[in-house]
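# Analysis of the macromolecular model
If you want the building blocks of each chain, they are given just below.
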Amino acid sequence: MFSFSTIKDYHIALSNGHTNCVTAVSFYIKQIEVNSHLNAFLEVYKEEALERAAFLDLFYQKNNALSGKLHGVVVALKDVICYKGHKVSASSRILENYTSIYNATVVDRLLQEGAIIIGRNNCDEFAMGSSNENSAFGSVLNAADNARVPGGSSGGSAVSVQADLCMLSLGSDTGGSVRQPADFCGIIGMKPGYGKISRYGLIAYASSFDQIGIFAKAIEDVAVTLQVIAGEDEFDSTVSTIPLPDYPDALNSNGKKYRIAYFRQALDHPGLDGEIATVIKEYIELLREQGHVVEPVEFDLLDYVVPAYYILTTAEASSNLSRFDGIKYGYAAKDDFDDLTDFYKQSRSAGFGAEVKRRIMLGTFVLSAGYYDAYFTKAQKVRRILFDKTQEIFKSYNAIISPTVPSPAFRIGEKSSDPIEMFLADIFTVFANLTGIPAISVPLFKHSNGMPFGLQAMTAFEDEATLLALSKELIAINNHL
Ligand code: GLN
């Protein structure tokens, strides 16, 4: 069987002639076919990926060198990332059959470094959801238990890595959509800080929160990929102009002792699964035994983070999604409309799914003249307080840890009739998006119900390097248990 533990190992195998890119792509295409019931892909670029693999193999033969840092690395993209000449639909009927007319910056950078894009991953419609049940093209199944959700909204991208349908994948994380499915699927999911990766070519959900994130099985692979896709971009002015550190090199900080905070209220939260709470408390003891300082900090705002997140993101979504009007692009009502307003109504009513409509209406409501101050302004104030709080914590600590999600992967259908319950599953992840800090979910634990779950770590703004190094340490400690 074709297998590798890191991109580095794969590259060594390539240079020893033990494998080649065509073998790699053929393996993943087979895997995708065998696992088609998981519904992780909306489209597979079979011929194209094989052709590119053959081209890369030829390149290697001719030059006896890799074409780039991601030479032959087989990558899948969440269906919200534009890839020129390929469809992108945000898993929505309203964009069904829409073809990208340009590459997202991340796609350009992946291709420049030799990656092979194998297909487009299913996700929650417009990245709104926590279970992938909101896709217009069907649910994605968790490969560890097909009766359970993979998480969302980047469910297809997480399952693609979980089930070895590709080597790594890109998702987007507005409130946890990379970290939460990574937690549910037992893999790594990293969301860098706001402004670290260009969003040019990412279909927007809530622009002051959205970040592209990385799914992989090895932290070394996350570091290389981040190095490739992060950094200044003339097409996205929100990207930080601070030069990137050497992320793979940051993983060499062996032996460093960290000062780690955790929110006392998070670990004592009534909504947190008892077993997850116990396991993480035990793990904290282990971290202490290894010489790290791990201390509780008070955080009495926990119950405000989900409301603040859903007020602000729905407000931004209602604005971002107004462009899908049936005229510029996307689904258009065909017949029987009275006037332009009726045409818009019909197109948007038929094109958007229920969750997206709920959020557009909520967002329009919180922005409406009579309620703006009561909801939107108030939520912005909460956001500012949270930001100040993180600044304060990072004066004394290198990182904050927490559970990634309050429960392990739930059953398909279990929460879909209760949106509030579904929203509450985001309680630990939205904090990093509200404050813009980098965050990761590392797969460390297994629940007695058989499902994996992870630990979330967050570091100060612009400090992805520490986040990666700490993650390596967290994984190493767990492996020595
Ligand atoms: N579950 C969250 C939501 O539905 C997060 C989504 C995301 O990060 N894209 O908004």
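Residues numbered from 1 in each chain as written. Predicted model: local features only at pLDDT ≥ 70, side-chain atom pairs only at ≥ 80, totals over all residues. Heavy atoms only, no water.

## Section: the packing of aromatic side chains
Applying the stated criterion across every chain, the model contains 29 aromatic pairs. Ring centres 5.9 Å apart and planes at 70° place the aromatic pair phenylalanine 126 and phenylalanine 352 in the edge-to-face group. Of this pair, phenylalanine 126 sits in the loop between strand 3 (116-121) and helix 5 (155-162) while phenylalanine 352 is found in the loop between helix 12 (340-351) and helix 13 (354-366), placing the two residues 226 residues apart along the sequence. Each member of the pair, phenylalanine 126 as well as phenylalanine 352, is classed as buried. (Phe/Tyr/Trp six-rings, centres within 6.5 Å; stacked < 30°, edge-to-face > 60°. Helix = DSSP H or I, 4+ residues; strand = E, 2+ residues; numbered from the N terminus. Buried < 20%, exposed > 50% of the residue type's maximum accessible area, 1.4 Å probe, protein only.)

## Re the sheet that holds strand 7 (residues 259-263)
Ordered in space as 1-3-2-4-6-5-10-11-9-7-8, the 11 strands form an open sheet in which the pairing is mixed. Because the sheet does not close on itself, it has two edges, and the strands there are strand 1 (41-44) and strand 8 (293-297). Pairwise comparison of adjacent strand axes, ignoring direction, gives a mean angle of 30° for this sheet. Here 5 bridges tie strand 7 to strand 8, and the two strands are oriented parallel to one another. (Pairing = 2+ DSSP bridges. Axes fitted to C-alpha atoms, helices over the stretch in contact; angles between N-to-C directions.)

## Considering a nonpolar patch on the surface
Together, Phe365, Tyr371 and Tyr375 line one region of the surface with nonpolar side chains, adding up to about 280 Å² of accessible area. Residue classification places tyrosine 375 among the partly exposed positions, given a relative accessible area of 32%. (Patch = residues over 30% accessible without salt bridge, like charges linked within 9 Å, V, L, I, M, F, W, Y side chains within 5 Å. Areas by Shrake-Rupley, 256 points an atom, 1.4 Å probe, with all protein chains shown as cover. Salt bridge = Lys/Arg side-chain N within 4 Å of Asp/Glu carboxyl O.)

## Regarding the pairing of strand 2 (residues 74-78)
Among the 5 residues that make up strand 2, 5 are buried, leaving the element largely enclosed by the rest of the structure. A two-sided burial pattern is seen for strand 2, the buried positions comprising Val74, Ala76 and Lys78 on one face and Val75 and Leu77 on the other. In the sheet, strand 2 pairs with strand 3 via 5 bridges, with the strands oriented parallel. Paired with alanine 76 across the strands is glycine 119, a residue of strand 3.

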